[in-house]
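What follows is the residue order along each chain.
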Amino acid sequence: MKKIATAVVVVVIGIMTAYIVYVLSTAAAENTFAAKPVIYLYPEQTTDVSVKLECDGQLTCTYPAYGNGWAVTAQPDGRLIDADGKEYSYLFWEGDIDTQYDMSKGFVIKGEDTAQFLQETLHAMGLTPREYNEYIVYWLPQMQDNPYNLITFQTDAYTEHAALHINPEPDSMLRVFMAYQALDKPIDIEEPDIEPFVRTCFCVIEWGGTEIT
């Protein structure tokens, strides 16, 4: 009887774990808000650049004002100058995207370890200290007090529904988009591989994210 009871418990735990992972993998439909994607432009020389965003959804805030697209003069150090001579560090937008994020693979991280995880992981991805520090400053207050966070980095689910059209076309582009969910307890989930990014010539970097609720 003890062996049967143990087997039942194992089966039940397995079913519950599978259900939790399933819920997390489909939970993204609950919230498709893209929070603070920012776009850095790094040409090899001073270059006039136009950037247009093809978003399956609605923009809720942009800075500088988006209008029919952004038109700026980009400097090699990342500084952007608009037609009125105003200077910006990056292009900013927020909005609702009609997509569903894949939460089936990710990293389960204690809230208190979030800063270190993001610093190490974003660095491994190819962000510079300036870029990943700005990223962490924005997201850390929302994540550090959670018991745990399930952190995923989206690719096609984001880029296919928020396409960037840049002229002149960049030689290399990295778009980092995090979808995370607060957890009360850790779960077992497969961790994805982190692929390093190599910057070449005219480089474009973007980061953003969303909380899955």
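Structure first, text after, so check above.
Keep in mind the model is a prediction, meaning the values are calculated, not measured. (Residues numbered from 1 in each chain as written. Predicted model: local features only at pLDDT ≥ 70, side-chain atom pairs only at ≥ 80, totals over all residues. Heavy atoms only, no water.)

Draft legend 1. Focus on the overall build of the protein chain. Secondary structure assignment for the protein chain yields four helices and 12 strands. Residue burial in the protein chain is summarised as follows: out of 213 residues, 46% are buried. For the protein chain, the proportion of contacts with a sequence separation of at least 24, taken over those separated by at least 6, is 84%. (Helix = DSSP H or I, 4+ residues; strand = E, 2+ residues; numbered from the N terminus. Buried < 20%, exposed > 50% of the residue type's maximum accessible area, 1.4 Å probe, protein only. Contact = heavy atoms within 4.5 Å.)

Draft legend 2. Broad picture of the environment of Met 143. Assignment of secondary structure puts Met 143 in helix α3 (residues 129–143). Each C-alpha atom of the pair Met 143 and Ile 109 lies 10.0 Å from the other, and the pair is 34 residues apart in sequence. Excluding residues that lie within four positions of it along the chain, Met 143 makes contacts with Gly 111, Thr 114, Asn 149, Ile 151, Met 178 and Tyr 180.

Draft legend 3. Local environment of the sheet that holds strand β8 (residues 107–110). The seven strands are arranged β3-β7-β1-β12-β11-β9-β8 in an open sheet whose pairing can be described as mixed. Where the open sheet ends on each side, the last strands, each with one partner, are β3 (57–63) and β8. With strand direction ignored, the average angle separating the axes of adjacent strands in the sheet is 25°. In this structure, strand β9 (residues 148–154) lies alongside strand β11 (residues 172–183), joined through seven bridges in antiparallel fashion. Of the residues in β11, the one forming a bridge with Ile 151 is Tyr 180. In the packing of helix α2 (residues 114–125) onto the sheet, the strands contacted are β8, β9 and β11, and the crossing angle to β9 comes to about 15°. The sheet strands contacting α3 are β1 (33–42), β7 (91–97), β9, β11 and β12 (203–211), and the helix crosses β12 at an angle near 5°. (Pairing = 2+ DSSP bridges. Axes fitted to C-alpha atoms, helices over the stretch in contact; angles between N-to-C directions.)

Draft legend 4. A look at α3. Taking 1.5 Å per residue, 15 residues should reach 21 Å; α3 reaches 20 Å between its end C-alpha atoms and fits that length. Of all the bends in α3, the largest measures some 35° and sits at Val 137, one to four residues before the proline Pro 141. The complete set of buried residues in α3 reads Glu 131, Tyr 132, Tyr 135, Ile 136, Trp 139, Leu 140 and Met 143. Its buried side turned inward, α3 meets β1, α2, β9, β11 and β12. (Expected span 1.5 Å × (residues − 1). Bend = angle between axes of the 7 residues up to and from the residue.)

Draft legend 5. The arrangement of the packing of aromatic side chains in detail. For the coordinates displayed, the defined rule picks out 10 aromatic pairs. Each ring, one from Tyr 63 and one from Tyr 88, has its centre 5.2 Å from the other, and the planes form 75°; the classification is edge-to-face. Of this pair, Tyr 63 sits in strand β3 while Tyr 88 sits in strand β6 (residues 87–88); the two residues are 25 residues apart in sequence, bridging distant segments of the chain. Residue classification places Tyr 63 among the exposed positions, given a relative accessible area of 51%. Taking the relative accessible area as the measure of exposure, Tyr 88 reaches 9% and is therefore buried. One aromatic cluster is present, formed by Tyr 40, Tyr 42 and Tyr 90 through successive ring pairs. (Phe/Tyr/Trp six-rings, centres within 6.5 Å; stacked < 30°, edge-to-face > 60°.)

Draft legend 6. Geometry of the pattern of salt bridges. According to the stated counting rule, one finds six salt bridges in the structure shown. Among the ionic pairs, Asp 77 bridges to Arg 79, the shortest N-O distance being 2.8 Å. Residue classification places Asp 77 among the partly exposed residues on the basis of a relative accessible area of 42%. One salt bridge connects Arg 79 with Glu 87, and the closest N-O pair in it is separated by 3.8 Å. For Arg 79, a relative accessible area of 34% translates into the label partly exposed. A single network of salt bridges, built from pairs that share partners, joins Asp 77, Arg 79 and Glu 87. (Salt bridge = Lys/Arg side-chain N within 4 Å of Asp/Glu carboxyl O.)

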